[in-house]
Amino acid sequence: MITALEALLRCLAVLVVFLTFPLVIGQTEHKVMAHMQGRLGPMYAGGFHGWAQLVADGVKFAQKEDIVPAGADRRVFQLAPAVALLPYLLVLIAIPVGPGGFVGQALDAGLFFVLAVMGVGVLGSLMAGWASANKFSLLGGIRSAAQLLAYELPMLLAAASVAMAAGSVSLTGILGAFHWWWVPWQIVGGFVFFTAGLAELQRPPFDMPVADSEIIFGAYTEYTGLRFALFLLSEYAGILVLCALTAVLFLGGWHGPLSADLGWLWTLLKTFALAFVVIWLRVTYPRLREDQLMRFAWIVLIPLALAQLALTGIVKVVIS
Amino acid sequence: MTAVLAASLSSQGHSFLTPTGVEIVFVLVGLAVLGAAVLTVTTSQLVHAALWLVVALGGLAIEYLLLTAEFIAWVQVLIYLGSVVVLVLFGLMLTKAPIGRSPDADSGNRWVALGVAVVAAATLVTLVVDAFRSTWMDLSSGGGSTGANGEVLFRYWVLPFEALSVLLLAALVGAIVLSRRHREEG
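In this text, all values refer to a predicted model and were calculated from it rather than measured experimentally.

1. As for the nonpolar core
Burial of nonpolar side chains together is a common tendency in soluble globular proteins. In this structure, Leu 111 and Phe 193 of chain A are the most contacted members of the largest nonpolar core, which totals 111 residues. Here the element with the most residues in this core is helix H10 (residues 225–250) of chain A; it accounts for 17 residues.

2. Details of the environment of Val 85 of chain B
With respect to the secondary-structure elements, Val 85 of chain B resides in helix H4 (residues 70–94). As a C-alpha pair, Val 85 of chain B and Val 128 of chain B span 43 residues in sequence and 28 Å in three-dimensional space.

3. Quick word on the confidence of the model for chain B
Residue and element names in this part refer to chain B. Summarising the model, chain B shows a mean pLDDT of 79, and 81% of its residues fall at 70 or more. In the model of chain B, helix H1 (residues 2–15) stands out as the element of lowest mean pLDDT, 52, in contrast to helix H5 (residues 110–132), which has the highest, 89. Scoring of the predicted complex yields 0.82 for pTM and 0.77 for ipTM.

4. Re the packing of aromatic side chains
Residue and element names in this part refer to chain A. Evaluated as defined, the whole model comprises 16 aromatic pairs over all chains. Relative to Phe 272, the ring of Phe 21 lies with its centre 5.7 Å away and its plane at 45 degrees, an arrangement referred to as tilted. In this pair, Phe 21 is assigned in helix H1 (residues 2–36) and Phe 272 in helix H11 (residues 259–284), connecting sequence segments 251 residues apart. Measuring from ring centre to ring centre gives 4.3 Å for Tyr 220 and Phe 231, while their planes differ by 25 degrees; the resulting arrangement is stacked. Here Tyr 220, found in the loop between helix H9 (212–215) and H10, pairs with Phe 231, found in helix H10; they are 11 residues apart in sequence, far enough to count as distant. Accessibility classification places Tyr 220 together with Phe 231 in one group, the buried group. Linked through ring pairs, Phe 61, Phe 77, Phe 217, Tyr 220, Tyr 223, Phe 228 and Phe 231 together constitute an aromatic cluster. Seen from the ring of Phe 61, Lys 60 lies directly overhead, with NZ or CZ sitting 5.0 Å from the centre.

5. Structural notes on helix H2 (residues 53–63) of chain A
Residue and element names in this part refer to chain A. Among all positions in H2, only Leu 54, Asp 57 and Phe 61 are buried. Considered in projection along H2, the buried side chains sweep an arc of 50 degrees and stay on one side of the axis. Set apart from the buried face of H2 by more than 90 degrees, the exposed residues are Ala 62 and Gln 63. Packed against the buried residues of H2 are H1 and H10.

6. As for the interface of chain A and chain B
One frequent convention defines the size of an interface as the accessible area lost when the parts assemble. Listed per partner, the contact involves 31 residues of chain A and 26 residues of chain B. Buried area between chain A and chain B, both sides added, is near 2,500 Å², and the carbon and sulfur share of it is 80%. Contact with chain B buries area across many residues of chain A, yet Phe 112, Leu 123 and Trp 130 of chain A alone supply 26% of it, more than any other trio. For the interface between chain A and chain B, the tally reads zero salt bridges. Our count for the contact surface shared by chain A and chain B stands at two residue pairs in polar contact (both at pLDDT 80 or more). Put simply, the parts of the chain that give the side of chain A that touches chain B at least two residues each are helix H3 (74–93), helix H4 (110–131) and helix H5 (135–166) of chain A.

7. Some details on the UniProt feature "transmembrane region" (unreviewed entry) in chain A
Mapped onto this numbering, the UniProt entry annotates "transmembrane region" (unreviewed entry) at residues 7–26, 76–97, 109–132, 153–175, 228–251, 263–284 and 296–319 of chain A. As annotated, residues 7–26 of chain A comprises 100% helix and 0% strand, and the C-alpha atoms at either end are separated by 29 Å.

8. Overview of the packing of helix H8 (residues 187–201) of chain A against H10 of chain A
Residues and elements named next belong to chain A. Two elements in contact, H8 and H10, have axes separated by 10 Å at closest approach and are oriented at 170 degrees. Between H8 and H10, the crossing angle belongs to the class labelled roughly antiparallel. Seen along the crossing, H8 lies across H10 with a hand that is right-handed. Each of Gly 189, Gly 190, Phe 193, Phe 194, Gly 197, Leu 198 and Leu 201 in H8 lies in contact with H10, whose residues at this interface are Gly 238, Ile 239, Leu 242, Cys 243, Leu 245, Thr 246, Leu 249 and Phe 250.

9. Looking at unusual backbone geometry
Peptide bonds are mostly trans, and most non-glycine residues show a negative phi. The omega torsion of the bond from Pro 204 of chain A to Pro 205 of chain A falls at 0 degrees, within 30 degrees of zero and hence cis. Here Pro 205 of chain A is to be found in the loop between H8 and H9. Located in the positive-phi region is Thr 68 of chain B, a residue other than glycine, with phi close to 60 degrees. Within the secondary structure, Thr 68 of chain B sits in the loop between helix H3 (46–66) and H4.

10. A look at the pattern of salt bridges
All names here are of chain A. Evaluation of the coordinates by the stated rule reveals seven salt bridges over all chains. As a salt-bridge pair, Arg 289 and Asp 291 come within 3.0 Å of each other at their nearest N and O atoms. Using a relative accessible area of 43% as the deciding quantity, one classes Asp 291 as partly exposed. Ionic contacts of the salt-bridge type, sharing partners, join the residues Glu 29, Arg 203, Glu 235 and Arg 282 into one network.

Each value, and the rule that gives it
- Residues numbered from 1 in each chain as written.
- Chains lettered and ligands numbered in written order.
- Predicted model: local features only at pLDDT ≥ 70, side-chain atom pairs only at ≥ 80, totals over all residues.
- Heavy atoms only, no water.
- Core = buried A, V, L, I, M, F, W, Y, C linked by side-chain atoms within 4.5 Å.
- Buried < 20%, exposed > 50% of the residue type's maximum accessible area, 1.4 Å probe, protein only.
- Helix = DSSP H or I, 4+ residues; strand = E, 2+ residues; numbered from the N terminus.
- pLDDT = per-residue confidence, 0-100.
- Phe/Tyr/Trp six-rings, centres within 6.5 Å; stacked < 30°, edge-to-face > 60°.
- Lys NZ or Arg CZ within 6 Å of the ring centre and 35° of its normal.
- Arc of directions from axis to C-beta.
- Contact = heavy atoms within 4.5 Å.
- Buried area = accessible area lost by both parts, 1.4 Å probe.
- Salt bridge = Lys/Arg side-chain N within 4 Å of Asp/Glu carboxyl O.
- Polar contact = N/O pair within 3.5 Å; in protein donor to acceptor, adjacent residues only side chain to side chain.
- UniProt positions renumbered as here; feature names shortened; annotations may be inferred.
- Axes fitted to C-alpha atoms, helices over the stretch in contact; angles between N-to-C directions.
- Parallel < 35°, antiparallel > 145°, perpendicular 65-115°, else oblique.
- Left-handed = near helix turned anticlockwise from the far one by under 90°.

So this is what it looks like as structure tokens:
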């Protein structure tokens, strides 16, 4: 009974994090982007520096009519936002926040679980792209599928390097084996993982599948109201998941001064620092073309990931 | 389907009248997988077929989980749902897969295909049932964990594992060679 109640509470906590943290990241993006571009960003909603802007946006989305185009494949069209969003909720359960079981659910093959379930999210944009019966949406869908070929392999290789270093594929196990010198040791893998993750989330500079100025938001062109909001939420939830994962795998998660008491704070700090970098990249870099991403992935990311894997192996053999 | 039959048969040997909750769920998920698989090959909407394949493969991952093979389950999701189905969908999008029915999606070979499928299923079911009979496997947790899998794979099955990796490498090199030749012609 107690364990059931505890499991329920943990799931509830994960749900609350899932519903609030992406909004915090979204609001940060509004403000950070604005200030980097010499603007102020939202200033009125909620009074203090427009803190309630995204709440207002949510209300706006909820009021809008939910339109399904006449030519669309109704059921697939309506199901797509859920398929895009739910994987990130599931992934959040497995990410350790602090020492001593401060995690939704510790999994034996946590790293595999996280990468596998995150990959399912792509199906959502593919379904949306095809079911909208819209040329631009289809182009977006094709681009997201093509993009997958570029980022999947380097991302897995970089994650495998950490698993090799720790001798474990459990996220808590990896954190348990962490030492500070892992950060310089795995830094190349971290770069590859983070970059490939950006491509998976379709964030700038890898936002070719949504590219609002070319193919009008790609797979999401036909979506309105709440379903569109769900796609947006999945993007920001994805940023949260990617940053938390990078922090856990490559930056030591809850490790830091006073980690016994303030471990969760370290995880949060690292996660949000990375989220800031994600926003920063959006403001800084122009959008790549799909073939440039392919080229970048096969000529830069995969060789780097393989080199990291070799380095990890050598160091591992030397120190053991 | 094979797995479902095997499971229900082996549970008969142990306690037929009192199946555990996990066994009931296993059979139910198995039926859902079977249904999704049948829909995959019978639906005349191409993309729906690929999406039903997602359901079938995802259901299989749940079956692995119920058998405590956690590692295999996540690999199933990673490889089949995350990559293979995405490739199938990518391929479908490059063709002119229409919304709604494709009238030419029906194959003239459907009865032959059904025959082959039934024969293959019958062979597999006979094989599995005959191999295990009423063996009762204790599904203690940790039996299918990553550690256990790794130990078995790299202690007893190293040679097949390495042979497979050479095969995959050959396929990879072959793909690169093919694509290079194609580029010179075009």
